[in-house]
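# Tertiary structure, described
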Amino acid sequence: MTGTTRVLVTGKNGQLSKSLKVVSDAAADLEFCFFARNTLDVTKAQSCSSMIDRLRPNFVLNLAAYTNVDDAERFPDNAHHVNGVGAGNLAQISAVYDIPIIHISTDYVFDGEKRSPYVETDRTNPVNAYGMSKLAGENSVSRLNPKHIVLRTAWLYSPFGSNFVSWLLSAAANGRQLRIVADQVGNPTSALDLAKSLADLVRQLEDVDWASHSGIYHLAAPEPMTRFQWAKKVIAVSGKLYGPTCQVCAAASSEFATPAVRPLRTVLSMDKYQNAFGLKFPPIEKSISDVLQALPRPRRDVH
Ligand SMILES: NC(=O)c1ccc[n+]([C@@H]2O[C@H](COP(=O)([O-])OP(=O)(O)OC[C@H]3O[C@@H](n4cnc5c(N)ncnc54)[C@H](OP(=O)(O)O)[C@@H]3O)[C@@H](O)[C@H]2O)c1
């Protein structure tokens, strides 16, 4: 492939898209074209078709999703519509144009019962409606476009939107003592780091043999920890940067009633991705520091 590589990106206003925008501003060889829901609604086949036809990108990157896990439990059809049907629309239409698709999925396709890290061939068994809808998306993308990369990532945080880290900092700024679950284990992943990996991946896919590379991969930061350990690291880094600090106490998931059950242990093995494309994530303290320095300063709530 010669010249600039053009990538159509859905879900413009999400945290991963906004992180990719930061990365893409420094990548002259890649042209990322971002579309928000009001210009490209993935649930509408006609909307997907006309944008792909107009742009004729080299890749489609699907970052659009219904990501509120508790709302998905209350409105499973809505989640399925975006995460299952929407992903299928993009895969089917990109295949018509022979355009490869990169699709983002989640560790929540697993039930969290395995004691060792999950590999890509492990049995999926989602325990909530969000996980089921994302699994439907994986299946559609794999079935409908022979040139596909499905990336399961986990526990995203970024300077954008509301996520676990931004919530922690604003709670700390308000002087609250925090009780954080110590029985959920996963791979906290900075969306800024993931976005850099996505840009690297696009470059590598330009000359790839699709017959041997299409498939599902795990791509998340490789340091698994509990939510409690993650929160302690965030507050420690915040203190070093002269930001808000607070006391963090361990709690059990059973203490918090939520509409959706969370899988307890969804540690991902990144070996397959490492062997195919190489894995580049900084130590988590550096990732947290980068995100905190880009976050707007948390303010005290005014009552
Ligand atoms: N967040 C996590 O911890 C996590 C963990 C594992 C995997 N993932 C996956 O990572 C990907 C990126 O997640 P994220 O955290 O960046 O999500 P996010 O911040 O919630 O962003 C998702 C974006 O998708 C857009 N969207 C929703 N429905 C749409 C539709 N019908 N058509 C077009 N756009 C639509 C939303 O638009 P509006 O702004 O208009 O609502 C939103 O901007 C998703 O596939 C998610 O499942 C996330």
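Residues numbered from 1 in each chain as written. Predicted model: local features only at pLDDT ≥ 70, side-chain atom pairs only at ≥ 80, totals over all residues. Heavy atoms only, no water.

In the annotation of an unreviewed UniProt entry, the chain is listed under the name dTDP-4-dehydrorhamnose reductase and assigned to Roseibium porphyridii. The Catalytic activity (unreviewed entry) comment attached to the chain in UniProt states, word for word, "dTDP-beta-L-rhamnose + NADP(+) = dTDP-4-dehydro-beta-L-rhamnose + NADPH + H(+)". Per UniProt, the chain carries the Function (unreviewed entry) text "Catalyzes the reduction of dTDP-6-deoxy-L-lyxo-4-hexulose to yield dTDP-L-rhamnose." (UniProt positions renumbered as here; feature names shortened; annotations may be inferred.)

Attention shifts here to the sheet that holds strand β1 (residues 5-10). If you walk across this open sheet you meet the 6 strands as β2-β1-β3-β4-β5-β10, and the pairing is parallel. With partners counted over all chains shown, the strands left at the sheet margins are β2 (30-35) and β10 (215-218), one partner each. Across the sheet, the mean angle from the axis of one strand to that of its neighbour is 25°, orientation sign disregarded. With 4 bridges connecting them, strand β5 (residues 148-153) and β10 associate as parallel partners. By the bridge assignment for β10, Arg152 is matched with His218. Helix-sheet contacts for helix α7 (residues 191-205) involve β1, β2, β3 (59-62), β4 (101-106) and β5, and the interaxial angle to β5 is about 160°. (Pairing = 2+ DSSP bridges. Helix = DSSP H or I, 4+ residues; strand = E, 2+ residues; numbered from the N terminus. Axes fitted to C-alpha atoms, helices over the stretch in contact; angles between N-to-C directions. Contact = heavy atoms within 4.5 Å.)

Attention shifts here to the packing of aromatic side chains. According to the stated counting rule, one finds 10 aromatic pairs in the structure shown. For the pair Tyr108 and Tyr130, a centre-to-centre distance of 6.2 Å together with 80° between the ring planes defines the contact as edge-to-face. Of this pair, Tyr108 sits in the loop between β4 and α5 (129-144) while Tyr130 is found in helix α5, placing the two residues 22 residues apart along the sequence. Taking 4.0 Å as the distance between ring centres and 10° as the angle between the ring planes, the aromatic pair formed by Phe110 and Tyr118 counts as stacked. The same class applies to Phe110 and to Tyr118, which are both buried. A network of ring pairs unites the aromatic residues Trp155, Tyr157, Phe164, Trp167 and Trp230 as a single cluster. Of note, Arg227 hangs over the ring of Trp155, and the distance from its end group to the ring centre comes to 4.3 Å. Looking at Lys272, its charged tip hangs above the ring of Tyr217, at a distance of 4.4 Å from the centre. (Phe/Tyr/Trp six-rings, centres within 6.5 Å; stacked < 30°, edge-to-face > 60°. Buried < 20%, exposed > 50% of the residue type's maximum accessible area, 1.4 Å probe, protein only. Lys NZ or Arg CZ within 6 Å of the ring centre and 35° of its normal.)

Moving on: the site of the ligand. Neighbouring the ligand are 24 residues, the closest being Arg37, Asp41, Thr67, Tyr130 and Lys134. Ile104 is positioned with one of its backbone polar atoms (N or O) 3.3 Å from an oxygen atom of the ligand. Starting from 900 Å² of accessible surface for the ligand in isolation, the protein chains cover 81%. Of all the secondary structure elements, the ones that give two or more residues to the shell around the ligand are α1 (15-24), β4 and α5. The biggest single contributor to the shell around the ligand is β4, with 3 residues. (Near = heavy atom within 4 Å. Polar contact = N/O pair within 3.5 Å; in protein donor to acceptor, adjacent residues only side chain to side chain. Areas by Shrake-Rupley, 256 points an atom, 1.4 Å probe, with all protein chains shown as cover.)

Our focus in this paragraph is unusual backbone geometry. Backbone phi values are negative for most residues with the exception of glycine, while trans is the configuration of most peptide bonds. The residue Arg56 is not glycine, and still its phi comes out positive at about 45°. The exposed category is assigned to Arg56, whose relative accessible area is 52%. You will see that Asp98, though not glycine, has its phi angle at about 60°, which is positive. Here Asp98 shows up in the loop between α4 (76-96) and β4.

Turning to its location among the elements, Cys246 is positioned in the loop between α9 (227-240) and β12 (248-251). Classification of Cys246 as buried rests on a relative accessible area of 18%. Along the chain, Cys246 and Val119 lie 127 residues apart, while their C-alpha atoms are 36 Å from each other.

All right, on to the pattern of salt bridges then. Under the definition given, this model contains 16 salt bridges. Salt-bridge contacts for Lys44 lead to Asp41; the nearest nitrogen and oxygen are separated by 3.4 Å. Between Asp98 and Lys147 there is a salt bridge whose closest N-O contact spans 3.0 Å. Of this pair, Asp98 sits in the loop between α4 and β4 while Lys147 is found in the loop between α5 and β5, placing the two residues 49 residues apart along the sequence. Several salt bridges converge on common partners, so that one network encompasses Asp29, Asp200, Arg203 and Lys280. (Salt bridge = Lys/Arg side-chain N within 4 Å of Asp/Glu carboxyl O.)

Once that is clear, we can look at the packing of α4 against α5. Here α4 crosses α5 at 15°, and the two axes come no closer than 8 Å. Taken together, α4 and α5 sit at an angle that is classed as roughly parallel. Of the two elements, α4 crosses α5, and the hand of that crossing is right-handed. Here Pro76, Ala79, His80, Asn83, Gly84, Ala87, Gly88, Ala91, Gln92 and Ala95 of α4 come into contact with α5, specifically with Ala129, Tyr130, Ser133, Lys134, Ala136, Gly137, Ser140, Val141 and Leu144. Residues of the contact of α4 with α5, tallied by class, amount to 10 nonpolar, 8 polar and 1 charged. (Parallel < 35°, antiparallel > 145°, perpendicular 65-115°, else oblique. Left-handed = near helix turned anticlockwise from the far one by under 90°. Nonpolar A, V, L, I, M, F, W, Y, C, P; charged D, E, K, R; others polar.)

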